[in-house]
Structures are given as structure tokens and as C-alpha cells.
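# Structural overview for review
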Amino acid sequence: MASLGERAAVDEDGAVGRLRGPVLGLDIGGTKLAAGVVAPDGEVRGFVVAPAHAERGPDDGLARLFELGRRALADAGVGEEEIEGVGIGCGGPLDSSRGVLIAPLHLAGWTNVPVVELASEAFGRPAVLDNDATAGAAAEHRFGAGRGTQNMVYLTISTGVGGGVVIDGVLHRGASGNGGELGHVTVDWHGRECRGCGRRGCLEAYASGTSIAERAREAGLDVEGAADVAAAAAGGEPVAARVWDETCEALACGITSIANLFEPEVVVLGGGVVRTGEQLLGPVRRAVTEQAIGPHVKIVAAALGDAVGVAGAAAIAYERLAAG
Ligand SMILES: [Zn+2]
């Protein structure tokens, strides 16, 4: 099997392996659905977003997702027959090899949904499914801040914390596509309860936007979200500054363990919390450099913006469809 790194090479005609056409990327989030047409060089056209209304169930949700896909194709001026295939990203647990959503944590009631088969029928093209954070890692590796690297770790830090790992040029999936759950690396085994998995002291229980705001409120601050905590900390408010420091320490602790496991050339951080830029990246970089066993761990912000989910779904489609 060729590696993702090798396949990431786009030839002079702009083709990925034997794939020359665009692919349709579909992203199923807990609050939003998104679609876009993605070229082999990562250019996203016809990007469209709609509310997920996940509580209405999978039949309604997928009908609207596929309609969104058709709109993206129409907006991009691309016919269904022109696309190489359809890539779908969604939160787990899912089975990427069978193309089935098992019971995604953010989509209550969406159990055992054969989304690949349904997308294939809807568009008359092959389809593939992967975990959305794995897809985000594929997008940053193929099109973004991890381009050209062989070993890369990607963490997305927003409502929760997700991740993906590229090892020796190959995107790591695990036995059924749920590997690389980096948000559930333990940073304090007697620590806070993790909303995502129910264990204690996960990285997600400290570094997620949800937890940052929650810990600030527990400490007596009147804040809506993580951005408020970051702003107050930057303004010198001592309680916010303590919560922010703890966040950076927890993140650095998690990244150090992850870096010691994989010795990546680069750690790419994406998601809403990373919009705070150097306020987060600076302290984390310093702490990881001090603590990690390997000599150099480069920590950078993600290069892809809001369309990362769609670009990721497309990146996994290019990878897996090119592999045949
Ligand atoms: Zn957890």
C-alpha cells in the first residue's frame, strides 16, 4: 500500500494518483452540516453550511446533507458525473471500513446508519467515511500546515478535543477508524470527569473550550465561553489568568505524551480555542520543548479555516479512492 505522503504528491496535471477530477466533501457535525467541492490541490468551491437539526434523526439529516451536496455541486458548476467520489467526515464511534455510523456521540439516535451506501446511491459515485478529526488531520497533511511531513500530529480544540496522527506518511486509523482519539489522553488520572468518554482527567476535560469556560465559572468568573476567559486573562484578570495557565499546562502535558509516542515533525493545532494564537501557542510550545524527550517539537496553528471538515472529507476520499 502506497503511503499517504506519497499519494499527497499532486502531479503536473494537478492529479492525485489516477484521480484528476474534484471530489465532493460532506461534513456531519453536531450543530452544522457542510458541503463543498474540493479540487486535487485542496481548493474548495461551492462551500455551503446548514444547521444539523440532528434531533430530527438520520433520514431527515441525510436527505438535507445530500441536498446540500447537490447545492455545492451546482454552485461550483460541477456535475455529479464529474466527481471522483464523495468523502464524508463525522464524529465517532463509527466504522470507517464498513462505512457505517455506529452511534456518534454528537448525534443522538443516529445508530447503525449505512451512510456510505446511502451517499453512493444518492450521487452515483463511490463514497468513503472517516472520523472527522482523522479527516481534519488528513486535510492539514495533504493541503495545510503539515504538508510535506512524514510524521504529524493534529489536534482540534473546540467544544471537545479531537485528533489524528500521520505515521511514516500514513494516516493512522486503528482497527475500525477510531484510533487517534487524542482528546482522551489522560493528563490527570484522578482529575475532572470527561464529558466525552466518562473517564477522569482526559486532555479534553481541561483544554476544550467547554472546560475552559466551565472551570472559569467554577472559579467565580461570569463568562460565556473560552474566548471571554482568554480576553480576561490577556487583560490581567488573575483568576482568568490562572485558568488559562492551567489550560496551557494541561495541553502541554498531553502534547508532550503524544510527542513522546510519535516524535512528530510537527504538531498542528486547530479549532476555535487556537484562534487565541500565541496566547495559547507560546506557553504550550515552551513547556513541550522543556518536557519532551525528542529534540525538536514544532507546534503550529492549523492552516485551513472553516472549510477544514469539508477539505478533510475530500482528503480522505482522495487517499482511499486513489488506493483503489
Ligand atoms: Zn475522555
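Here the structure is shown first, and the text comes after it.
Report follows, based on the coordinates. Residue indices begin from 1 for each chain and proceed along its sequence in written order. Note on the predicted model: pLDDT of at least 70 is required for a residue's local features to be given, and 80 or more for side-chain atom pairs to be given and counted; whole-chain, interface and lining totals, by contrast, use all residues. The side-chain figures draw on all heavy atoms in the structure; neither hydrogens nor water molecules are used.

With that settled, consider the sheet that holds strand β9 (residues 161-167). For two strands to be treated as a pair, DSSP must find at least two bridges joining them. Secondary structure counts use DSSP, requiring at least four H or I residues in a row for a helix and at least two E residues in a row for a strand, with both numbered from the N terminus. Within the open sheet, the five strands sit side by side as β10-β9-β8-β11-β12. Their pairing is mixed. The open sheet has two edge strands with one neighbour each: β10 (170-171) and β12 (298-301). The pairing of strand β8 (residues 152-157) with β9 spans six bridges and is antiparallel. Of the residues in β9, the one forming a bridge with Ile157 is Val161.

Turning our attention to helix α4 (residues 132-142). Relative accessibility thresholds used throughout: buried, under 20% of the residue-type maximum; exposed, over 50%; partly exposed, between the two (1.4 Å probe, protein chains only). Counting buried residues along α4, 10 of its 11 residues qualify, which places the element largely inside the surrounding structure. Among all positions of α4, only Ala133, Thr134, Ala135, Gly136, Ala137, Ala138, Ala139, Glu140, His141 and Arg142 are buried. Polar contacts here mean pairs of N or O atoms no more than 3.5 Å apart (in protein, one a potential hydrogen donor and the other a potential acceptor; neighbouring residues in sequence count only if both atoms are side-chain atoms). Its side-chain oxygen 2.8 Å from the backbone nitrogen of Ala133, Asn131 forms the N-cap of α4.

Moving on: the pattern of salt bridges. Any carboxyl oxygen of Asp or Glu that lies within 4 Å of a side-chain nitrogen of Lys or Arg is treated as forming a salt bridge with it. Under the criterion given, the structure shown has 14 salt bridges. With a closest N to O distance of 3.0 Å, Asp60 and Arg64 form a salt bridge. Here Asp60 pairs with Arg64, and both are found in helix α2 (residues 58-76), just four residues apart, close to one helical turn. Notably, a salt bridge pairs Glu80 with Arg70, separated by 3.9 Å at the nearest N-O pair.

Each pair of donors in an ideal octahedron of six around a metal sits at 90 or 180 degrees, and each pair in an ideal tetrahedron of four sits at 109.5 degrees. Coordination of the zinc ion by the protein is provided by His184 (ND1), Cys194 (SG), Cys197 (SG) and Cys202 (SG), with metal-donor distances spanning 2.0 to 2.3 Å. Metal-centred angles of 103 to 118° between the four donor atoms at the zinc ion mark the site as tetrahedral. Excluding water, the donors of a metal are its N, O and S neighbours within 2.8 Å, or within 3.2 Å for Na, K and Ca, and that exclusion means sites may look incomplete. As a motif over one chain, the donors of the zinc ion read H-x9-C-x2-C-x4-C. By the criteria applied here, four donors are tetrahedral when all angles lie between 85 and 135 degrees, four are square planar and six octahedral when opposite donors are over 155 degrees apart and every other angle lies between 65 and 115, and any other arrangement is irregular.

A few words on the state of the cysteines. Counting rule for disulfides: a pair of cysteine sulfur atoms within 2.5 Å. According to the stated counting rule, one finds zero disulfides in the structure shown. The thiol of Cys253 is not disulfide-bonded; the next cysteine sulfur, from Cys202, is found 12 Å away.

Time to look at the packing of helix α6 (residues 209-218) against helix α8 (residues 238-262). For the pair α6 and α8, the least separation of the axes is 10 Å and the interaxial angle reads 145°. Between α6 and α8 the crossing geometry is right-handed. Along the contact surface, α6 presents Ile212, Arg215 and Ala216, while α8 presents Val243, Trp244, Glu246 and Thr247. In the scheme used here, Gly and all other residues not listed as nonpolar or charged are polar, with Ala, Val, Leu, Ile, Met, Phe, Trp, Tyr, Cys and Pro taken as nonpolar and Asp, Glu, Lys and Arg as charged. When grouped by side-chain class, the residues that make up the contact of α6 with α8 number four nonpolar, one polar and two charged. Only the stretch in contact is used when a helix axis is fitted, and all axes are lines through C-alpha atoms; the angle between N-to-C directions ranges over 0 to 180 degrees. Two helices that cross are described as forming a left-handed crossing if the nearer one is turned anticlockwise from the farther one by less than a right angle, and a right-handed crossing if clockwise. Contacts are assigned to residue pairs that have any heavy atoms within 4.5 Å of one another.

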